[in-house]
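# Structure assessment
What follows is each chain in one-letter form.
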Amino acid sequence: MTVTDEHFSTVTSMTDTDTSREIDPDKLKMFSFGVFTQLSGAVTAGMIHLGDKLGLFTALAAIGRPATTAELADAAELDERWVREWAHNQAAARILDVDTSVSPELFTMSPEAVAVLADPDHVAYGMGMFHRFPQTMAALEHMPESFRSGLGHDYDSHGCEGAIGIEKSFEPWMRHHLLDTVLPALDGVVERLEEGAHVIDIGCGAGGAVLMMAERFPKSTFVGYDISDHALRRAAERLAESGVTNARFADPRLAPMPADHSCDLVTTFDCIHDMTRPQEMMDAIRAAISDDGTWLLVDIKGRDSFAENVEKNPMAPLMYGISVLSCMSSALSEPDGAGLGTLGLPASKAQEMAEAAGFGQFRKLDVDHSVNSFYEISV
Ligand SMILES: C[S@@+](CC[C@H](N)C(=O)[O-])C[C@H]1O[C@@H](n2cnc3c(N)ncnc32)[C@H](O)[C@@H]1O
């Protein structure tokens, strides 16, 4: 539902003490339909999770032509009856295609479906949030207590698979654009990295950005900081596999970030809005960064008000829901957390907070991303 004048006026009238309001049967049907459509989406999301986890999408993509569920089950080494019911859900939801002109029971994937569901190297690959769907939804169990106490849960509450889901969410786009689009959009940063710079990535998660940059710029040194044990463990494993020698990962509570203005570049990807103390973190970034250094802030494209978010962002319901289950919960995981949440750091707020931390320059980069905004911040 979009925020329209009609919606607001309906809500206003509901506050009147009008006991004679009668239910309109047609509107009741439509409203119920709308509510259950949300449930249909949630259940289908669970089925997408299974399709990813069980290799059904990759198996169907590899077959490369319309396939029966017997063929698909065979290729994925699964039981046909279960695969058939799953395929019926996915086709009913228009995730899989059915070529009914040939047979109602031949399933296939469009090239677009292959990109989003089955090709981890494609820029549009989107299985990250579905990978961590069970962990995200399991957070519902803690929610009643959080709603009462005000205290949320950090990223480690989503377990190891939660960290892998985050890695799968952000990295496909980053692999295509971090080195070749984003860093070159920053004033003089690529030249400094080529010469040898000191870089820290805060809220590094499983370390993908650090590893990509460290490989590309061997004369520079990189440290990724995160407070999630699961993410840091995953980052350490990937570092060992990569053979990269100019990067390391640390928990800033155990090995504090530099506070001597020694960093040439600080990066924060999709994490400031998740932090319990984002202003303190920005102060710490100012203490870490040199007077001629750059802070690359990447954060979710929020707008200044709820109404604007709902009007301009078709994914606003998803964003606010994920906020409750994950981002805002993390940002409230300590007493008196700021609780910004998924859409809680629009450009205006980011600039105001950066200025309060002592940064005078704030520039939005011309980088096209469906969810994120990119800012170059300096003294
Ligand atoms: C949405 S994830 C983003 C991870 C990574 N930057 C990426 O793009 O894949 C947010 C990360 O911020 C981390 N985080 C939250 N508060 C933090 C803090 N105070 N210091 C360092 N990391 C923090 C979380 O543990 C989590 O790994």
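Nothing here was measured: the structure is a model prediction, and the numbers come from that model. For every chain, the first residue of the written sequence is number 1, and numbering continues from 1 onward in sequence order. Given that this is a predicted model, residues contribute local features only at a pLDDT of at least 70 and side-chain atom pairs are listed and counted only at 80 or more, while totals for whole chains, interfaces and linings are drawn from all residues. The side-chain quantities take in all heavy atoms of the structure and omit both hydrogens and water.

## Things to note about the overall build of the protein chain
- For the protein chain, the count of helices and strands is 17 helices and nine strands.
- The globule rule used here is 2.2 Å times the number of residues to the 0.38 power, and the radius of gyration it is set against is calculated over C-alpha atoms. Relative to the 2.2 N^0.38 estimate, which gives 21 Å for 379 residues, the radius of gyration of the protein chain is 23 Å and therefore close to what a compact globule would have.
- Dimensions of the protein chain, computed from the C-alpha atoms along their principal axes, are close to 65 × 60 × 35 Å.
- In this scheme, a residue with accessible area under 20% of its type's maximum is buried, one over 50% is exposed, and one in between is partly exposed, where area comes from a 1.4 Å probe on protein chains only. Looking at the protein chain residue by residue over its 379 residues, the buried ones come to 46%.
- Nonlocal contacts in the protein chain, meaning residues at least 24 apart in sequence, comprise 69% of its contacts between residues at least 6 apart.
- For the protein chain, the accessible surface area stands at approximately 19500 Å², while carbon and sulfur atoms represent 56% of it.
- Positive and negative charge centroids in the protein chain, built from 28 and 58 side chains respectively, lie 1 Å apart. Each helix corresponds to a stretch of at least 4 residues labelled H or I by DSSP, and each strand to a stretch of at least 2 residues labelled E; elements are numbered beginning at the N terminus. Residue contacts are defined here by distance: any two heavy atoms, one from each residue, within 4.5 Å place the two residues in contact. Surface exposure here means Shrake-Rupley accessible area, sampled with a 1.4 Å probe, where a residue is shielded only by the protein chains that are shown. Residues counted as positive are Lys and Arg, residues counted as negative are Asp and Glu, and His and the chain ends are not counted. By convention, charge coordinates are those of NZ in Lys, CZ in Arg, CG in Asp, or CD in Glu.

## Observations concerning a negative patch on the surface
- The grouping of Asp187, Glu191, Glu194 and Glu195 at the surface amounts to a negative patch.
- Mapped onto the secondary structure, glutamate 194 falls in helix H11 (residues 189–195). By definition, no residue in a patch forms a salt bridge, and every one has over 30% relative accessible area; like charges are joined within 9 Å, nonpolar side chains (Val, Leu, Ile, Met, Phe, Trp, Tyr) within 5 Å. Throughout this description, the term salt bridge denotes a Lys or Arg side-chain nitrogen within 4 Å of a carboxyl oxygen of Asp or Glu.

## As for the site of the ligand
- We call a residue near a molecule or strand whenever a single non-hydrogen atom of that residue lies within 4 Å of it. The environment of the ligand is made up of 15 residues, and the closest members are Gly203, Asp226, Phe269, Asp270 and Asp274.
- Glycine 203 places a main-chain nitrogen or oxygen 2.6 Å from a nitrogen atom of the ligand.
- The contact in question runs from an oxygen atom of the ligand to an N or O atom on the side chain of aspartate 226, over 2.6 Å.
- For the shell around the ligand, the residue count by class is nine nonpolar, three polar and three charged. Distance and chemistry together define a polar contact, namely a pair of N or O atoms within 3.5 Å, with one atom able to donate a hydrogen and the other to accept it when in protein, and with adjacent residues in sequence counting only for side-chain atoms on both sides. The nonpolar class holds Ala, Val, Leu, Ile, Met, Phe, Trp, Tyr, Cys and Pro. Asp, Glu, Lys and Arg form the charged class, and all remaining residues, Gly among them, are polar.

## What to know about the domain arrangement of the protein chain
- The source of the domain bounds is an automatic or database domain assignment. What the domain assignment reports for the protein chain is domain 1 (3–119) and domain 2 (138–378).
- Just the C-alpha atoms count here: the centres of domain 1 and domain 2 sit 32 Å apart.

## A look at the nonpolar core
- Buried Ala, Val, Leu, Ile, Met, Phe, Trp, Tyr and Cys residues that are joined via side-chain atoms within 4.5 Å together make up what is termed a nonpolar core. By size, the foremost hydrophobic cluster in this structure holds 34 residues, and its most contacted members are Leu178, Leu183, Leu193, Met213, Phe222, Phe249 and Leu296.
- Here this core takes six residues from helix H12 (residues 208–216), the largest share from any one element.
- Beyond its immediate stretch of four places on either side in the chain, leucine 178 contacts Trp173, Leu183, Pro184, Ala209, Met212, Met213 and Phe269.
- Grouped together as the second largest cluster of nonpolar side chains are 28 residues, Ile200, Ile202, Ala250 and Met353 included.

## Describing the pattern of salt bridges
- According to the stated counting rule, one finds 17 salt bridges in the structure shown.
- Between arginine 65 and glutamate 71 there is a salt bridge, with its nearest N and O atoms 3.1 Å apart.
- The class of arginine 65 is partly exposed, set by a relative accessible area of 42%.
- Here arginine 234 ties to glutamate 237 by a salt bridge, and the two come within 3.6 Å at their closest N and O atoms.

## Section: unusual backbone geometry
- In this structure, aspartate 270 takes a positive phi of about 50 degrees despite not being glycine.
- Residue classification places aspartate 270 among the buried residues on the basis of a relative accessible area of 9%.

## A closer look at the side chain of histidine 131
- Inspection of the secondary structure puts histidine 131 in helix H7 (residues 128–131).
- At 2.6 Å, the side chain of histidine 131 forms a polar contact with the side chain of glutamate 161.
- Among all residues touching histidine 131, those that are not within four sequence positions of it are His49, Asp52, Glu161, Ile164, Gly165 and Lys168.

## Here's the deal with the pairing of strand S7 (residues 289–300)
- Most of S7 sits out of view: ten of its twelve residues are buried.
- DSSP calls a pair of strands paired once it identifies at least 2 bridges connecting them. Sheet analysis places strand S6 (residues 263–269) next to S7, joined by six bridges and oriented parallel. What sits directly across from valine 266, in S7, is tryptophan 295.
- For the segment spanning S6, helix H14 (residues 278–288) and S7, crossover handedness is right-handed.
- Taken together, the six bridges between S7 and strand S9 (residues 372–378) define a ladder with antiparallel strand orientation. Directly across from aspartate 299, in S9, lies its bridge partner serine 373. We call a crossover right-handed when, viewed with both strands directed away from the observer, the connection leading from the first strand over the helix to the second proceeds clockwise.

## Examining the sheet that holds strand S5 (residues 247–250)
- In space, the seven strands of this open sheet follow the order S5-S4-S3-S6-S7-S9-S8, with mixed pairing throughout. Every other strand in the sheet has two partners, leaving S5 and strand S8 (361–364) as the edge strands with one partner each. Going across the sheet, the axis of each strand differs from the next one's by a mean of 20 degrees, ignoring polarity.
- Across four bridges, the pairing between strand S4 (residues 221–225) and S5 is parallel. Only the contacting stretch of a helix is used when fitting its axis, a line to C-alpha atoms as for every element, and angles between N-to-C directions run 0 to 180 degrees.

## What to know about the packing of helix H10 (residues 159–182) against H12
- Between H10 and H12, the shortest axis-to-axis distance is 10 Å and the interhelical angle comes to 35 degrees. Once H10 is placed against H12, the crossing between them reads as right-handed. For the pair formed by H10 and H12, the contact residues are Glu171, Met174, Arg175, Leu178, Leu179 and Asp180 on the first element and Gly208, Ala209, Met212, Met213 and Arg216 on the second. Helix crossings fall into two classes, left-handed where the near helix is turned counterclockwise from the far one by less than a right angle and right-handed where it is turned clockwise.

## Brief notes about the environment of threonine 221
- By the secondary structure assignment, threonine 221 is in strand S4.
- Considered as a pair, threonine 221 and methionine 174 are 47 residues apart in the sequence and their alpha carbons are 19 Å apart.
- Not counting the four nearest positions on each side in its chain, threonine 221 is found in contact with Ala197, His198, Val199 and Asn246.
- In terms of polar contacts, threonine 221 uses its side chain to reach the side chain of histidine 198, at 3.1 Å.

## Comments concerning a nonpolar patch on the surface
- There is a patch of nonpolar side chains on the surface, built from Phe31, Val35, Phe36, Leu39 and Val43 and spanning about 510 Å² of accessible area.
- With respect to the helices, strands and loops of the structure, phenylalanine 36 is situated in helix H2 (residues 25–53).
- On the accessibility criterion, phenylalanine 36 (57% relative accessible area) is exposed.

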